[in-house]
Amino acid sequence: QVQLVESGGGLVQTGESLRLSCAASGRTFTSSNAMAWFRQAPGQEREFVAAISGFGGATYSNSVQGRFTISRDNAKNTMYLQMNSLKSEDTAVYYCAGSSGPRLESLPRRYNYWGQGTQVTVSS
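Rules of the game
Once a new chain begins, its residue numbering starts again from 1 and follows that chain's sequence as written. Where totals are concerned, whole chains, interfaces and linings use all residues; where local detail is concerned, this predicted model gives features only for residues with pLDDT of at least 70, and gives and counts side-chain atom pairs only at 80 or more. Water and hydrogen atoms were dropped before computing side-chain values, which therefore reflect all heavy atoms in the structure. Salt bridges are counted wherever a side-chain nitrogen of Lys or Arg sits within 4 Å of a carboxyl oxygen of Asp or Glu. Exposure classes here rest on a 1.4 Å probe applied to the protein chains alone. A residue is buried below 20% of its type maximum, exposed above 50%, and partly exposed in between. Strands are treated as partners if at least two bridges between them are detected by DSSP. For the purposes of this entry, the term helix denotes a DSSP run of H or I that reaches at least four residues, the term strand denotes a run of E that reaches at least two, and both are numbered from the N terminus. Only C-alpha atoms enter the line fits that serve as axes; for helices the fit covers just the stretch in contact. Angles between N-to-C directions range over 0 to 180 degrees. Note that a disulfide, as used here, is simply two cysteine sulfur atoms within 2.5 Å. Aromatic rings from Phe, Tyr and Trp, taking only the six-membered ring of Trp, are treated as a pair when their centres fall within 6.5 Å; an angle between ring planes under 30 degrees marks them as stacked, one over 60 as edge-to-face, and anything in between as tilted. By definition here, charges over rings are those cases where NZ of Lys or CZ of Arg is within 6 Å of the ring centre and within 35 degrees of the ring normal.

**Some thoughts on the pattern of salt bridges**
Point 1. Scanning the model with the defined rule gives 3 salt bridges in all.
Point 2. Of the charged contacts, one joins arginine 39 and glutamate 47 as a salt bridge, the two residues approaching to 2.9 Å between their closest N and O atoms.
Point 3. You can call arginine 39 buried: its relative accessible area is 5%.

**Notes on the sheet that holds strand E8 (residues 78–83)**
Point 1. Taking strand neighbours across the sheet as the criterion, the 4 strands line up as E1-E3-E8-E7 in an open arrangement whose pairing is antiparallel. In this open sheet, the two strands that pair with only one neighbour each are strand E1 (3–7) and strand E7 (68–73). Taken pair by pair, the neighbouring strands of this sheet meet at an average axis angle of 15°, ignoring direction.
Point 2. Note: strand E3 (residues 18–25) against E8, 6 bridges, orientation antiparallel. Within E8, the residue paired with serine 21 across the bridge is tyrosine 80.

**Some remarks on the state of the cysteines**
Point 1. Across all of its chains, the model carries 1 disulfide by this definition.
Point 2. The residue that forms a disulfide with cysteine 22 is cysteine 96, at a sulfur-sulfur distance of 1.8 Å. When the S-S torsion is -70°, as for the bridge of cysteine 22 with cysteine 96, the disulfide is left-handed. With cysteine 22 in strand E3 and cysteine 96 in strand E9 (residues 92–98), this pair connects stretches of sequence that are 74 residues apart.
Point 3. The exposure class assigned to cysteine 22 is buried, which follows from its relative accessible area of 0%.

**Concerning the packing of aromatic side chains**
Point 1. Evaluated as defined, the whole model comprises 4 aromatic pairs.
Point 2. With a centroid separation of 5.5 Å and an interplanar angle of 75°, the aromatic rings of phenylalanine 38 and tyrosine 111 are classed as edge-to-face. In this pair, phenylalanine 38 is assigned in strand E4 (residues 35–40) and tyrosine 111 in the loop between E9 and strand E10 (113–114), connecting sequence segments 73 residues apart. There is no split in this pair, since phenylalanine 38 and tyrosine 111 are both buried.
Point 3. Their ring planes at 50° and their centres at 5.2 Å tell us that phenylalanine 38 and tryptophan 114 sit as a pair that is tilted. Taken together, the residues phenylalanine 38 in strand E4 and tryptophan 114 in strand E10 connect sequence positions 76 residues apart.
Point 4. Residue classification places tryptophan 114 among the partly exposed residues on the basis of a relative accessible area of 27%.
Point 5. Each residue in the set Phe38, Phe48, Tyr111 and Trp114 is aromatic and connected to the rest through ring pairs, giving one cluster.
Point 6. Sitting over the ring of tryptophan 114, arginine 46 keeps its end group 4.9 Å from the ring centre.

What is shown is where atoms sit, not what they do.
Following this line, the structure appears as structure tokens:
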């Protein structure tokens, strides 16, 4: 019923920017649902990046705070992650996730809708 599709990943150099998009579809997913970005590097656990609530509030991991900005356009059912000042440590597969509730969550198991991921590679 719900599908999330990421786009915008790619290869950039240190210090450059990317904007990821996540398009949501499905009648059971509404603007009141919280959404989030996670990332996973090879051999690492899936890491929380940022989340945005159904009310527009946002929270970030310490590693990206000040560099990344999460936003959503409810009219388009699309979430964005603006990634500035990218570092090699940001290299990972980035996943879009949707919650069944409006509250901010940082645990992967709190999200029941997932995209297939988009690769972000930052070279030095």
